[in-house]
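Here is how the chains run, residue by residue.
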Amino acid sequence: MSGINKIKKLREERKMSRKELADKLQISYWALCKYENNERTPDINLLQKIAQEFGVSIEYLAGLSDENYPHSTSPVIQKILQLPPEALNEINLFVDFLHYKYRVKI
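Now for a description of the structure that goes with this document. (Residues numbered from 1 in each chain as written. Predicted model: local features only at pLDDT ≥ 70, side-chain atom pairs only at ≥ 80, totals over all residues. Heavy atoms only, no water.)

Further remarks concern the overall build of the protein chain. Each helix and strand in the protein chain was counted, giving 7 helices and 0 strands. The linear arrangement of helices and strands in the protein chain, starting from the amino end, is α-α-α-α-α-α-α. Relative to its full complement of 106 residues, the protein chain shows a buried share of 38%. Pairs at least 24 apart in sequence give 44% of the contacts found in the protein chain among residues at least 6 apart. Carbon and sulfur atoms make up 54% of the accessible area of the protein chain, which totals about 6,800 Å². (Helix = DSSP H or I, 4+ residues; strand = E, 2+ residues; numbered from the N terminus. Buried < 20%, exposed > 50% of the residue type's maximum accessible area, 1.4 Å probe, protein only. Contact = heavy atoms within 4.5 Å. Areas by Shrake-Rupley, 256 points an atom, 1.4 Å probe, with all protein chains shown as cover.)

Here you go:
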(Lines give C-alpha, C1' and ligand atoms only; values in the text may rest on other atoms or scores of the structure.)
Protein backbone atom coordinates (compact mmCIF):
# COMPACT_ATOMS: atom_id res chain seq x y z
CA MET A 1 0.00 0.00 0.00
CA SER A 2 1.70 3.08 -1.18
CA GLY A 3 0.95 6.72 -0.59
CA ILE A 4 -1.68 7.54 1.99
CA ASN A 5 -2.48 4.42 3.97
CA LYS A 6 -6.11 3.57 3.26
CA ILE A 7 -6.58 1.59 6.48
CA LYS A 8 -5.58 4.57 8.60
CA LYS A 9 -7.64 6.94 6.45
CA LEU A 10 -10.78 4.81 6.74
CA ARG A 11 -10.27 4.27 10.47
CA GLU A 12 -9.87 8.00 11.09
CA GLU A 13 -12.88 8.87 8.89
CA ARG A 14 -14.98 6.60 11.09
CA LYS A 15 -13.44 8.07 14.25
CA MET A 16 -12.26 4.65 15.43
CA SER A 17 -9.29 4.17 17.70
CA ARG A 18 -6.51 1.80 16.71
CA LYS A 19 -7.40 -0.41 19.65
CA GLU A 20 -11.04 -0.57 18.59
CA LEU A 21 -10.18 -1.57 15.02
CA ALA A 22 -7.50 -4.04 16.15
CA ASP A 23 -10.05 -5.70 18.45
CA LYS A 24 -12.62 -5.93 15.64
CA LEU A 25 -10.03 -7.48 13.31
CA GLN A 26 -8.76 -9.77 16.08
CA ILE A 27 -5.18 -8.57 15.68
CA SER A 28 -2.85 -6.80 18.08
CA TYR A 29 -2.70 -3.04 18.41
CA TRP A 30 0.97 -3.19 17.37
CA ALA A 31 0.23 -5.21 14.24
CA LEU A 32 -2.32 -2.59 13.20
CA CYS A 33 0.27 0.15 13.82
CA LYS A 34 2.70 -1.62 11.49
CA TYR A 35 0.03 -1.95 8.78
CA GLU A 36 -0.94 1.72 9.11
CA ASN A 37 2.71 2.83 9.00
CA ASN A 38 3.40 0.67 5.92
CA GLU A 39 5.93 -1.42 7.86
CA ARG A 40 3.99 -4.62 7.10
CA THR A 41 1.45 -5.69 4.51
CA PRO A 42 -1.71 -7.51 5.58
CA ASP A 43 -2.24 -10.92 4.00
CA ILE A 44 -5.24 -11.54 1.76
CA ASN A 45 -7.37 -12.91 4.61
CA LEU A 46 -6.81 -9.83 6.74
CA LEU A 47 -7.40 -7.55 3.75
CA GLN A 48 -10.73 -9.29 3.29
CA LYS A 49 -11.66 -8.66 6.94
CA ILE A 50 -10.65 -5.00 6.69
CA ALA A 51 -12.58 -4.57 3.44
CA GLN A 52 -15.68 -6.08 5.03
CA GLU A 53 -15.31 -3.93 8.14
CA PHE A 54 -15.19 -0.72 6.10
CA GLY A 55 -17.38 -1.80 3.17
CA VAL A 56 -14.69 -1.19 0.55
CA SER A 57 -12.89 -3.29 -2.02
CA ILE A 58 -9.60 -5.03 -1.45
CA GLU A 59 -8.34 -3.25 -4.57
CA TYR A 60 -9.10 0.08 -2.92
CA LEU A 61 -7.22 -0.90 0.23
CA ALA A 62 -4.23 -2.08 -1.79
CA GLY A 63 -4.12 1.16 -3.78
CA LEU A 64 -5.03 -0.60 -7.04
CA SER A 65 -8.21 1.43 -7.41
CA ASP A 66 -9.30 4.87 -6.37
CA GLU A 67 -12.91 3.73 -6.41
CA ASN A 68 -14.23 3.03 -2.95
CA TYR A 69 -16.83 0.36 -3.70
CA PRO A 70 -17.76 -2.81 -1.83
CA HIS A 71 -15.47 -5.74 -2.55
CA SER A 72 -18.46 -7.91 -3.46
CA THR A 73 -18.73 -6.06 -6.79
CA SER A 74 -15.22 -7.03 -7.87
CA PRO A 75 -15.22 -10.19 -10.01
CA VAL A 76 -11.49 -10.71 -9.48
CA ILE A 77 -11.82 -10.67 -5.71
CA GLN A 78 -14.87 -12.92 -5.85
CA LYS A 79 -12.82 -15.51 -7.77
CA ILE A 80 -9.97 -15.24 -5.28
CA LEU A 81 -12.25 -15.59 -2.26
CA GLN A 82 -13.66 -18.86 -3.64
CA LEU A 83 -10.23 -20.49 -3.50
CA PRO A 84 -9.16 -22.77 -0.65
CA PRO A 85 -6.89 -21.35 2.11
CA GLU A 86 -3.71 -22.90 0.68
CA ALA A 87 -4.36 -21.08 -2.60
CA LEU A 88 -4.79 -17.79 -0.73
CA ASN A 89 -1.35 -18.33 0.78
CA GLU A 90 0.06 -18.77 -2.73
CA ILE A 91 -1.66 -15.58 -3.88
CA ASN A 92 -0.13 -13.73 -0.95
CA LEU A 93 3.34 -14.98 -1.92
CA PHE A 94 2.73 -13.97 -5.53
CA VAL A 95 1.63 -10.48 -4.50
CA ASP A 96 4.82 -10.18 -2.44
CA PHE A 97 6.79 -11.21 -5.52
CA LEU A 98 5.02 -8.56 -7.64
CA HIS A 99 5.82 -5.91 -5.05
CA TYR A 100 9.46 -6.94 -5.26
CA LYS A 101 9.48 -7.15 -9.07
CA TYR A 102 7.92 -3.72 -9.53
CA ARG A 103 9.80 -2.20 -6.61
CA VAL A 104 6.63 -1.22 -4.80
CA LYS A 105 7.48 0.11 -1.36
CA ILE A 106 5.40 -1.45 1.35
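Our focus in this paragraph is the nonpolar core. Formed by 24 residues in total, the largest nonpolar core has its most connected members in I7, L21, I27, I50, F54 and L61. With residues up to four places along the chain from it excluded, the contact list for L21 reads I7, R11, M16, L32, E53 and F54. (Core = buried A, V, L, I, M, F, W, Y, C linked by side-chain atoms within 4.5 Å.)

Inspection of the secondary structure assignment puts L83 in the loop between α6 (75-81) and α7 (85-101). On the accessibility criterion, L83 (36% relative accessible area) is partly exposed. Those residues within four positions of L83 in sequence are excluded, and the remaining contacts are L88 and I91.

Further remarks concern a nonpolar patch on the surface. On the surface, a nonpolar cluster with roughly 390 Å² of combined accessible area is contributed by F94, F97 and Y100. Along the chain, Y100 falls in helix α7. (Patch = residues over 30% accessible without salt bridge, like charges linked within 9 Å, V, L, I, M, F, W, Y side chains within 5 Å. Salt bridge = Lys/Arg side-chain N within 4 Å of Asp/Glu carboxyl O.)

This part takes up the packing of helix α1 (residues 6-13) against helix α3 (residues 29-36). At a minimum axis separation of 8 Å, α1 and α3 run at an interaxial angle of 115°. Between α1 and α3, the interaxial angle falls into the category roughly perpendicular. On α3, the residues that touch I7, K8 and R11 of α1 are L32, Y35 and E36. Classifying every residue of the contact of α1 with α3 gives 3 nonpolar, no polar and 3 charged. (Axes fitted to C-alpha atoms, helices over the stretch in contact; angles between N-to-C directions. Parallel < 35°, antiparallel > 145°, perpendicular 65-115°, else oblique. Nonpolar A, V, L, I, M, F, W, Y, C, P; charged D, E, K, R; others polar.)

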